[in-house]
Amino acid sequence: MSEGPEKLIRVKDVAKGYRIGSHEVEVLHGINLEVREREFISIMGQSGSGKTTLMNLIGMLDRPDSGRILFNDVDITGKTQKELVEFRRRTVGFVFQQFHLIPSLTAYENVAMPLVFAGDKDHDAVASALERVGLAHRMDHKPVELSGGEQQRVAIARAIVMKPKILLADEPTGALDAATGLRIISLLKSLSGDMTVVMVTHNRELASYSDRIVHIQDGNIAE
Amino acid sequence: MNLHSIVLKDISRRKTKLIVAVLGVVVAAAALVAVVTTFTAATESLYEESNTFGANIVVKPETRSIPLVAGSTSAGSLFTGENYIEESEIPRIYTIENKANLAVVAPRLYGIAELGNSPVVVMGVDPEEEMKLKAWWNIRGHWMAEEGPEKTEIMVGSDIAGPMGLEEGSLVTLKQGDVYIDARIAGVIESTGGNEDGYVILPLAASQYLFGKEGKVSSLEIRALCNDCPVEEMSRQIMEVFPGLEARPMSQIVQNEMTMIEHAQSSAMAVSVIILLVSALTVASTMLASINEKIKEIGIMRAVGASDTQIVSMLFLEGAIIGALGGILGFFIGTGASFIAAPLTVSVTPSPIWMILPAVSGICILTGMAASLVPARKALGIDPAEVLRSV
């Protein structure tokens, strides 16, 4: 792998384990991975292979036990909790399998949430984000009033409203039917023109739409 | 949209939880308000009742006693000095500094007369003033009305009325020397356990006529009306105005009043503190249960950029809203409850104490926020990666 300015993310010798009862289980064993700017990559692997763990580490929802993660050549693993909150706000967007929208809020309000937490008063970006995912006309609806595909598109709008550098999508089509899933992948593909997209999936067909597929097997990269 | 609206929308969605948590505060606030309202009414009532106990300053002519001793044996005392106060001097009492506290100034003239063939103690009073001083007397009949020195209405104590077979409307004659007064019994005073049980009470002018003491009174019974009467000071002021008189504060009465009030207040405070603690626990447990339900949402919020401070602020705001709603509702329910409970328990009718509404709301808001501390601590321990992975 070559190093250069186009490398947005560099994962270096990252290991991560969890304590399950009295046992320490290592999920990732010294992973190395580089992702370029505006690249759309898929991380594939069987259940428990560590793909979601890797995605959470890239988004700094979790910290590695060892190794480093560099973002634009800056090591982010040593950042303080406060710095990480700011990093996630401004740099990373998350999309989850179960959408994870706040049920009491409308589509507009769900999308506006990151702006509220970041203290941004200008909410013009909300309408733009909803327009980008084709849901400007559904902005006043609550999640329960939206279909699964629409909810996931709202979740994607929420993830891109801060114009992040990286969009991390964990099984974004896992709760959707095949046709709807394809629409979501198509949307992610179009978004990768503006940002790096890292998608975790176990669906080979959907992964084939990405620029590159990274396989994780038993906590190691098997590209 | 802001943090406040996120919280408001969230708690409005969880109506059942909101109602349970608010009810916890409502119960505590209502109990608090009911206790305070009832005790305040009881205390005021107690104070009003204590005002009817009688005088708390007695003014008498100054007398000196000379002990009579025969060898080593005491043979009593010999009292010297003027035994009467000039009635015309009484208005001067209203020149003392604390004149505003003089609620009742009741002149009395004592003497012994014959009723039938029996000697009785006669007390001449100003009916209007005496009625204020002895408002708690139960009279079979009515208070006497002055009709004139020779023919008047009188009242008799139960110890006289019973043995002599006197009742309302009975006609009697009081005799002192050569002076006679025909009187009609206006009322019989039901037994009080006090001296009046053995008194014949008649209007001051009639008693002065009976005893030939026109313009003179034996003593003044004074009721000072205030929460913390400076009766000692007032007694001193009275003696300054009447150099030949002795004004004695009956401080025991005042002391008893204050003790009763303090006891009532202490009880109210103790109950209030216990209720507040129970309230805090109720809100904390409800919010804790709420946190368990909201773990996923808190994880999402942290993933999309919420800081620890923002998460804690939202929980504090939720606690404050629950506290405010509970406090305001509790005030009205507690006030209503006191209207039912107070007449049954302390035989008083309370009034709403509007001035405690902000205080009760404030206390409930603080209680709600304090109850948020444990849930907030739990929320800060939520690992978004773990939560979002497991749901």
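About the criteria used
Residues numbered from 1 in each chain as written. Chains lettered and ligands numbered in written order. Predicted model: local features only at pLDDT ≥ 70, side-chain atom pairs only at ≥ 80, totals over all residues. Heavy atoms only, no water. Axes fitted to C-alpha atoms, helices over the stretch in contact; angles between N-to-C directions. Helix = DSSP H or I, 4+ residues; strand = E, 2+ residues; numbered from the N terminus. Parallel < 35°, antiparallel > 145°, perpendicular 65-115°, else oblique. Left-handed = near helix turned anticlockwise from the far one by under 90°. Contact = heavy atoms within 4.5 Å. Nonpolar A, V, L, I, M, F, W, Y, C, P; charged D, E, K, R; others polar. Buried area = accessible area lost by both parts, 1.4 Å probe. Salt bridge = Lys/Arg side-chain N within 4 Å of Asp/Glu carboxyl O. Polar contact = N/O pair within 3.5 Å; in protein donor to acceptor, adjacent residues only side chain to side chain. Expected span 1.5 Å × (residues − 1). Buried < 20%, exposed > 50% of the residue type's maximum accessible area, 1.4 Å probe, protein only. Arc of directions from axis to C-beta. Pairing = 2+ DSSP bridges. Phe/Tyr/Trp six-rings, centres within 6.5 Å; stacked < 30°, edge-to-face > 60°. Right-handed = clockwise from strand over helix to strand, strands pointing away.

Asker: Just to check I follow, could you spell out the packing of helix 1 (residues 3-13) of chain B against helix 8 (residues 308-345) of chain B for this structure?
Answerer: In helix packing, the relevant descriptors are the interaxial angle and the interaxial distance, both defined with respect to the helix axes. All names here are of chain B. Viewed as axis vectors pointing N to C, helix 1 and helix 8 meet at an angle of 55°, and their least axial separation amounts to 10 Å. It follows that helix 1 is oblique to helix 8 by the angle criterion. Classified by chirality, the crossing of helix 8 by helix 1 is right-handed. Contacts between helix 1 and helix 8 involve Leu3, His4, Ile6, Val7, Leu8, Asp10 and Ile11 from the first element and Gln310, Met314, Leu317, Glu318 and Ile321 from the second. Split into classes, the residues belonging to the contact of helix 1 with helix 8 amount to eight nonpolar, two polar and two charged.

Asker: Can you help me understand the interface of chain B and chain A in this one?
Answerer: The extent of an interface is frequently quoted as the accessible surface area lost upon association of the parts. Chain B puts 25 residues into the contact, and the matching count from chain A is 23 residues. When chain B packs against chain A, the two sides together hide about 2300 Å² of surface, and 68% of this comes from carbon and sulfur. Inspection of the chain B/chain A interface yields one salt bridge. For the pair chain B and chain A, the interface holds four residue pairs in polar contact (both at pLDDT 80 or more). Those elements giving two or more residues to the side of chain B that touches chain A turn out to be helix 1, helix 7 (251-303), helix 8 and helix 11 (384-390) of chain B. Considering every element that reaches the side of chain B that touches chain A, the biggest residue donor is helix 7 of chain B, with six residues. Of the residues belonging to the side of chain B that touches chain A, the class tally is 13 nonpolar, four polar and eight charged.

Asker: Explain helix 9 (residues 356-371) of chain B to me, please; I cannot follow it from the model alone.
Answerer: Residues spaced three or four apart along an α-helix face the same direction, because each turn holds 3.6 residues. Residues and elements named next belong to chain B. Compared with an ideal rise of 1.5 Å per residue, which puts 16 residues at 22 Å, helix 9 spans 22 Å between its outermost C-alpha atoms and is within 8% of the ideal. Among the residues of helix 9, Ile356, Val360, Ser361, Cys364, Thr367, Gly368 and Ala371 are the ones counted as buried. Down the axis of helix 9, the buried side of the element spans an arc of 135°, and every buried residue falls inside it. Turned more than 90 degrees from where helix 9 packs its buried face, Pro358 and Leu366 sit exposed.

Asker: How should the sheet that holds strand 5 (residues 74-75) of chain A be read in this particular structure?
Answerer: By definition, the strands of a sheet pair up through backbone hydrogen bonds, in either a parallel or an antiparallel sense. Residues and elements named next belong to chain A. Pairing is antiparallel across the open sheet formed by four strands, whose spatial order is 2-1-4-5. Either end of the sheet is taken by a strand with one partner, and the two such strands are strand 2 (23-36) and strand 5. Of the strand pairs in this sheet, strand 1 (residues 7-20) and strand 2 are connected by ten bridges, and their pairing is antiparallel. Along strand 2, the bridge assignment pairs Lys16 with Leu28.

Asker: So what exactly am I meant to see when it comes to unusual backbone geometry here?
Answerer: Glycine aside, the phi torsion of most residues is negative, and most peptide linkages are trans. Residue and element names in this part refer to chain A. One non-glycine residue, Met60, lies in positive phi territory at about 55°. Secondary-structure assignment places Met60 in the loop between helix 1 (51-58) and strand 4 (66-71). Look at Glu171: it is not a glycine, yet its phi comes out positive at around 50°. Here Glu171 is to be found in the loop between strand 7 (166-170) and helix 6 (178-191).

Asker: Can you help me understand the environment of Glu26(A) in this one?
Answerer: Residue and element names in this part refer to chain A. If you trace the backbone, Glu26 turns up in strand 2. A relative accessible area of 44% means that Glu26 is categorised as partly exposed. Residues Glu26 and Ala15, spaced eleven residues apart in sequence, show a C-alpha to C-alpha distance of 7.4 Å. Once you skip the residues sitting within four places of it in the chain, Glu26 turns out to touch Ala15, Lys16 and Gly17. Within the structure, the side chain of Glu26 is placed 2.6 Å from the side chain of His29, a separation counted as a polar contact.

Asker: Would you mind showing me how to read the packing of aromatic side chains here?
Answerer: Aromatic rings in a pair are described by how distant their centres are and how their planes are angled relative to each other. Residues and elements named next belong to chain B. By the definition in use, this model includes seven aromatic pairs over all chains. Ring centres 5.9 Å apart and planes at 65° place the aromatic pair Phe332 and Trp354 in the edge-to-face group. Pair noted here: Phe332 is in helix 8 and Trp354 is in the loop between helix 8 and helix 9, with a separation of 22 residues, a long-range link. In this structure Phe332 comes out as partly exposed when scored by relative accessible area, which is 44%. Each member of the aromatic cluster is reached from another via a ring pair, and the members are Phe331, Phe332 and Trp354.

Asker: Before we go on, may I ask you to explain the pairing of strand 8 (residues 196-201) of chain A in this structure?
Answerer: All names here are of chain A. Most of strand 8 sits out of view: six of its six residues are buried. Of the two faces of strand 8, the one holding Thr196, Val198 and Val200 and the one holding Val197, Met199 and Thr201 are both buried throughout. Strand direction decides the pairing type here: strand 3 (residues 40-44) and strand 8, joined by five bridges, are parallel. Across the sheet, the residue bridging to Ile41 is Val198, located in strand 8. The pairing of strand 7 with strand 8 spans five bridges and is classified as parallel. Bridge assignment links Leu167 to a residue of strand 8, and that residue is Val197. Note that the unit made of strand 7, helix 6 and strand 8 has a crossover that is right-handed.

Asker: Any chance you could explain helix 5 (residues 148-160) of chain A here in plain terms?
Answerer: For helix 5 of chain A, with 13 residues, the first-to-last C-alpha span of 19 Å sits near the 18 Å given by 1.5 Å per residue. Considered for burial, the residues of helix 5 of chain A that qualify are Gly149(A), Glu150(A), Gln151(A), Gln152(A), Arg153(A), Val154(A), Ala155(A), Ile156(A), Ala157(A), Arg158(A), Ala159(A) and Ile160(A).

Asker: I would appreciate a short explanation of the pattern of salt bridges in the present structure.
Answerer: Working definition: two side chains of opposite charge can pair if their charged atoms are close together. Per the counting criterion, the structure on display carries 23 salt bridges over all chains. A salt bridge links Arg108(B) to Glu221(B), with the shortest nitrogen-to-oxygen separation between them at 3.4 Å. Residue Arg108(B) is located in strand 5 (residues 102-115), and its partner Glu221(B) is located in strand 13 (residues 219-224); the two are separated by 113 residues in the primary sequence. Comparing Arg108(B) with Glu221(B) shows no difference in burial state: the two are buried. The closest approach of N and O atoms between Glu153(B) and Arg184(B), which form a salt bridge, is 2.8 Å. Pair noted here: Glu153(B) is in strand 8 (residues 151-157) and Arg184(B) is in strand 10 (residues 179-189), with a separation of 31 residues, a long-range link. One network of salt bridges, with partners in common, ties together Glu86(A), Arg89(A), Arg90(A) and Asp120(A).

Read these as layout, nothing more, since geometry by itself doesn't imply function.
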